[in-house]
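Descriptive structure summary
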Amino acid sequence: MTIRVLVADDQPLVRAGLVALLNAAPGIEVVADAANGLEAVAMTLDSRPDVVLMDVRMPDLDGLSATRQILSRDEEQSPRIIILTTFDVSEYVYTSLREGAVGFLLKDTPADRIVAAVHSVVAGDVLLSPRITRRLIENFAQHHRPSKYRRNHLSSLTSRETEVLHFVGQGLSNNEIAERLTLSAETVKTHVKRIMGKLELTSRAQAVVVAYESGLVVPSAE
């Protein structure tokens, strides 16, 4: 199966470079490229990509607003959105994860890792390494109090699901969680799927955000 990708970036050279890189990669086809958020939203509707590489800062409509509009549509299969940024830790990135983006890439990410990331999100895997995910959320969550609403929302989870969500929030992989709880990785995967269904989440990154916002995971003091 060929992975259909849309690239959205207002810098012509960056956009052209990403298009060339992805078109040269086996199994990937760039079906559209957008110079701003408005184009990204319209082209996503027209071209139906599997993955969108979305720059954060663009004219007319920024990447965050474009992400929100694309993922708010009631569609059976929304594209997997990867946020592109020049910043390692950014409120824009954090908010994008809350909106359903599957993760983020720095614009200076090596070419092979960008290609691998596209394949990874289509397969449903975690785009960000656990350490980077944890650092991103911790840096932002330190400035926000846990939400009582979010905490109450977790009441729909079983004790085991709450335990699994706690470890997801710490950035552990399914295999690592399985080792901690003496379960099979497949069982952990099932728990994660049920957690995301009950909490109406669209990505594992959102589950990490919920774990912090609810106070289930407390940011480190580092």
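Below you will find a few notes about this structure. (Residues numbered from 1 in each chain as written. Predicted model: local features only at pLDDT ≥ 70, side-chain atom pairs only at ≥ 80, totals over all residues. Heavy atoms only, no water.)

Regarding the packing of helix H8 (residues 159-169) against helix H11 (residues 204-213)
For any two helices packed against each other, the geometry comes down to the angle between their axes and how far apart the axes lie. This is how it is decided: Note on definitions: angles span 0 to 180 degrees between N-to-C directions of axes, and those axes are lines fitted to C-alpha atoms, for helices only across the stretch in contact. Put simply, DSSP marks the helices as runs of H or I at least four residues long and the strands as runs of E at least two long, and each gets a number from the N terminus on. In these notes the angle categories are as follows: under 35 degrees is roughly parallel, over 145 is roughly antiparallel, 65 to 115 is roughly perpendicular, and the rest is oblique. Residues count as neighbours in contact if any of their non-hydrogen atoms are within 4.5 Å of one another.
Orientation of H8 relative to H11, taken along the N-to-C sense of each, is 100°, at an axis distance of 8 Å. Comparing their axes, H11 and H8 come out roughly perpendicular. Judged by residue contacts, Leu165, Val168 and Gly169 of H8 engage Arg204, Ala207, Val208, Ala211 and Tyr212 from H11.

Digging into the nonpolar core
Let me state the cut-off plainly: We define a nonpolar core as any set of buried Ala, Val, Leu, Ile, Met, Phe, Trp, Tyr and Cys residues linked to one another through side-chain atoms lying within 4.5 Å. The cut-offs for exposure are 20% and 50% of the maximum accessible area for each residue type, with area from a 1.4 Å probe on protein chains only; residues under the lower value are buried, those over the upper are exposed, and the others partly exposed.
Leu154, Val164, Leu165, Val168, Ile177 and Leu199 are the most contacted members of the largest nonpolar core, which totals 23 residues. Only H8, helix H9 (174-181), helix H10 (185-198) and H11 provide two or more residues apiece to this core. In terms of residue count, H11 provides more of this core than any other element does, five residues in total. Each residue touching valine 164, except ones within four places of it in the same chain, is listed here: Ile177, Leu181, Val188, His191, Val192 and Ile195. Among the nonpolar cores identified, the runner-up in size contains 20 residues, and Ile3, Ala25, Val30 and Ile82 belong to it.

Structural notes on the pattern of salt bridges
Opposite charge on two side chains permits them to pair, given that their charged atoms come into close proximity. Our working definition: By convention in these notes, a salt bridge is any Lys or Arg side-chain nitrogen within 4 Å of a carboxyl oxygen on Asp or Glu.
Overall, the coordinates contain five salt bridges when judged by the stated rule. Among the salt bridges present, the one from glutamate 163 reaches arginine 160, with a minimum N-O distance of 3.0 Å. Pair noted here: glutamate 163 and arginine 160 are both in helix H8, with a separation of three residues, about one helical turn. Residue class for glutamate 163 comes out partly exposed when judged on its relative accessible area of 34%. Residues joined by salt bridges that share partners form a network here, namely Asp9, Asp55 and Lys107.

Focus on the sheet that holds strand S3 (residues 51-55)
In plain terms, the rule: At least two bridges found by DSSP between two strands are what make those strands a pair.
One open sheet accounts for five strands, arranged S2-S1-S3-S4-S5; its pairing is parallel. Whereas interior strands pair on both sides, the edge strands pair on one side only; in this sheet they are strand S2 (28-34) and strand S5 (103-106). Pairs of neighbouring strands in the sheet enclose a mean axial angle of 25°, with direction left out of account.

Brief notes about the environment of histidine 191
You can see histidine 191 is positioned in helix H10. For histidine 191, a relative accessible area of 13% puts it in the buried group. Those residues in contact with histidine 191 that sit more than four places away from it in its chain are Arg160, Glu161, Val164 and Leu183.

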